Structures are given as structure tokens and as C-alpha cells.
Amino acid sequence: MKAIVINEYGSADKLKEETLPIPVLEDNQVLMELHATSINPIDWKLREGALKEGLPFEFPIILGWDAAGVVAKAGKNVSNFKEGDRVFARPATTRNGTYAEFTAVEEDLLAKIPDNITFEEAAAVPLAGLTAWQCLVDFGGIKKGDKVLIHAGSGGVGSYAIQFAKHFGAYVATTASGKNESFVKELGADQFINYKDTDFTEVLEDFDIVVDTIGGEVQEKSFQVLKEGGKLVSIVQQPNEKLAKEKNIKAESIWLRENGEQLEEIAQLLESGEVVSKVGQTFPLTEEGVKEAHKLSETHHARGKIVINIK
């Protein structure tokens with residue numbers, strides 16, 4: 001099969017096209033013929049070597065942890081999926097990722113793609129969608145009437161977080177640049193803050209939940225807009241424990257857990273049209289295409305998700 005791999009850590013130029021064997025299937029897995037995958041910051045952080053302590057993989061490494069495609073073969077213990085099913089998943093984090101024509105995925109991580117959703121739209125969902133879901137639902141315990149601040153609402157995680165928060169009946173404020181104002185409002189944001197000319201701490205107060213996708217000073221200042229007993233969840237760094245204690249804030253950094261059941265719940269929202277996948281740009285599964293996609297993701301200014309077309 002064709003795959004884009006790295007054989008050493010470094011810049012986007014380390015991405016190389018190679019021919020590798022199709023993965024060997026375990027009994028609890030399906031072999032997916034991939035139609036699309038998408039780019040997430042974990043991809044290029046791992047490529048640069050920033051995650052090698054926690055994820056000490058041997059080379060070659062196929063990056064990519066979003067999968068959308070068709071079941072080519074089902075392992076003998078697989079009961080809920082069959083050959084030909086359209087499926088998507090956030091596969092386990094292994095060195096055999098999804099910048100390839102085939103990947104093997106455990107049955108419990110899969111969900112069926114609704115008929116009204118394209119492979120590209122499905123590929124945009126798993127990692128970013130599950131991250132947003134786990135921030136708001138599992139950690140945040142979001143409920144109707146909550147006030148939620150989502151930083152960088154036009155990005156991958158942010159664009160799903162806005163829609164999920166609205167689904168649960170929350171009031172949503174989000175930060176983004178001026179050019180993305182109409183984009184985040186279309187997603188359902190009630191209050192837009194242009195981070196380039198407005199300090200969010202001056203216009204927001206008494207919020208129940210903050211979803212931090214940026215870290216650093218933005219994260220520190222986010223404590224100021226939370227009410228006592230509020231919740232701050234970060235996907236980039238561990239929050240300041242001292243600040244959390246002072247205001248009785250429940251604050252944590254979360255690392256996504258792969259979860260097919262939650263993906264199934266998200267699939268229902270996609271099917272009903274309550275949640276839409278915002279695909280920003282697409283690139284082909286070629287050495288050049290994936291390099292370009294990485295470089296765009298590294299700017300932190302991509303709108304929606306960056307998708308790689310495989311078939």
C-alpha cells in the first residue's frame with residue numbers, strides 16, 4: 001500500500017512516500033480501506049520529535065489518527081461491522097497511522113458514517129470531535145443554561161465544541177480573528193470576541209466552563225472569567241493549580257481517549273444536521289500534499305479541518 005511516513009524526526013520535509021505492507025489484522029479489528037484522513041497538531045508535534053518521550057515509536061512511523069473509509073475485511077471476532085460498511089474512527093495511537101491506503105482498527109473504536117455525510121466530512125470528526133465532546137461532556141458536565149467560553153472557535157476542536165455546547169443548550173462565547181466572525185456565528189456562537197482588538201476578560205464574567213485550546217497567558221487569564229466552582233479544561237497544558245485552588249475551579253488538562261460509542265453519538269448529530277463538519281482545505285495523499293497540509297496546520301490559522309483525500 002502507499003503510505004506517507006517519517007524515518008526520522010524533523011520538519012515537514014521529512015515526510016516521504018513509501019510502499020509498505022498492508023497491516024496484518026487481529027481478530028478484534030477491521031481492515032479499513034481509507035478514503036480520507038485529517039491533520040491534527042499531534043501529527044506534526046510527533047513529527048518534530050516533541051512527543052517522543054511519551055510515544056517512543058520505532059521508524060518508519062505513519063502519522064495520522066483520523067480514519068474514514070470502508071471495511072475491507074473484518075477479523076473473526078468482529079460482530080457489529082461487515083465488509084463494505086462505511087466507517088470512521090479515531091484509531092489507537094500507534095506507529096501505523098492513517099496517512100495510508102489501509103489501516104487496522106479495533107471494533108470498539110469504530111462508528112458507522114451516516115449516509116448523508118461524505119468521507120471527507122467524516123474524516124474531519126474523530127480526533128477533534130471526540131476531544132471537544134470529552135472536554136464538555138465528560139469533564140465539563142455541560143448542561144442547559146451553562147455559559148461556556150471556547151477559545152479559537154474557528155479551529156478544529158473549537159468548531160465542534162461550539163456546536164456541541166449549543167446542542168446541550170449552553171450560551172457560547174468564543175474568541176477568533178475578525179475574518180472568522182461570520183464562520184463562528186454560523187456554528188452557533190452567541191458572542192464573538194475578536195482576540196486581536198478585545199481583551200476577553202473585560203467583556204466576560206461568571207462563566208461555567210472554559211475550553212482552552214491555546215495555553216499560556218490565554219489560559220492564565222481564563223480563570224478571571226470563571227465563576228467560583230467553574231471548570232477550566234485545557235487540551236494543551238496542565239492548568240495552574242494555585243489559581244484553581246484560589247477560586248475553587250476544577251481545572252485539568254485532558255488527553256483524548258479513543259471511544260467508538262461517543263463517536264456513534266456524534267454521528268447521530270451529524271445525521272440530523274445539528275452538527276456539521278467544517279472542512280477548510282483538502283490535500284491529496286502525496287508527499288507534497290501532506291507536506292503542504294502540515295505547513296498549513298502549523299500556522300495555527302487554518303479554518304475548520306484540514307483533510308487528506310486518499311481515494
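Before any of the text, the structure's been laid out above.
Computed from a predicted model, the values in this text were never measured in an experiment. (Residues numbered from 1 in each chain as written. Predicted model: local features only at pLDDT ≥ 70, side-chain atom pairs only at ≥ 80, totals over all residues. Heavy atoms only, no water.)

Draft legend 1. Examining the pattern of salt bridges more closely. Per the counting criterion, the structure on display carries 18 salt bridges. Across the pair Lys305 and Asp66 runs a salt bridge whose closest N-O atoms are separated by 3.5 Å. Here Lys305, found in strand E16 (residues 305-309), pairs with Asp66, found in the loop between strand E4 (61-62) and strand E5 (67-74); they are 239 residues apart in sequence, far enough to count as distant. We note that Lys305, like Asp66, is buried. With a closest N to O distance of 3.0 Å, Asp146 and Lys143 form a salt bridge. (Salt bridge = Lys/Arg side-chain N within 4 Å of Asp/Glu carboxyl O. Helix = DSSP H or I, 4+ residues; strand = E, 2+ residues; numbered from the N terminus. Buried < 20%, exposed > 50% of the residue type's maximum accessible area, 1.4 Å probe, protein only.)

Draft legend 2. The packing of aromatic side chains, seen in detail. Summed over all chains, the structure comprises five aromatic pairs. One aromatic cluster is present, formed by Trp133, Tyr160, Phe164 and Phe168 through successive ring pairs. Between Arg86 and the ring centre of Phe119, over which it is positioned, the NZ or CZ distance is 4.6 Å. (Phe/Tyr/Trp six-rings, centres within 6.5 Å; stacked < 30°, edge-to-face > 60°. Lys NZ or Arg CZ within 6 Å of the ring centre and 35° of its normal.)

Draft legend 3. Main features of the nonpolar core. By size, the foremost hydrophobic cluster in this structure holds 48 residues, and its most contacted members are Phe88, Leu136, Ile150, Tyr160 and Phe164. Here this core takes seven residues from helix H3 (residues 126-139), the largest share from any one element. When sequence neighbours within four positions are dropped, the list of residues in contact with Ile150 reads Gly158, Ala161, Ile162, Ala165, Val172, Ala173, Thr174, Thr175 and Val211. Ala3, Tyr99, Leu127 and Ala293 belong to the second largest nonpolar core, which has 44 residues in total. (Core = buried A, V, L, I, M, F, W, Y, C linked by side-chain atoms within 4.5 Å. Contact = heavy atoms within 4.5 Å.)

This is a description of form; function is not addressed.
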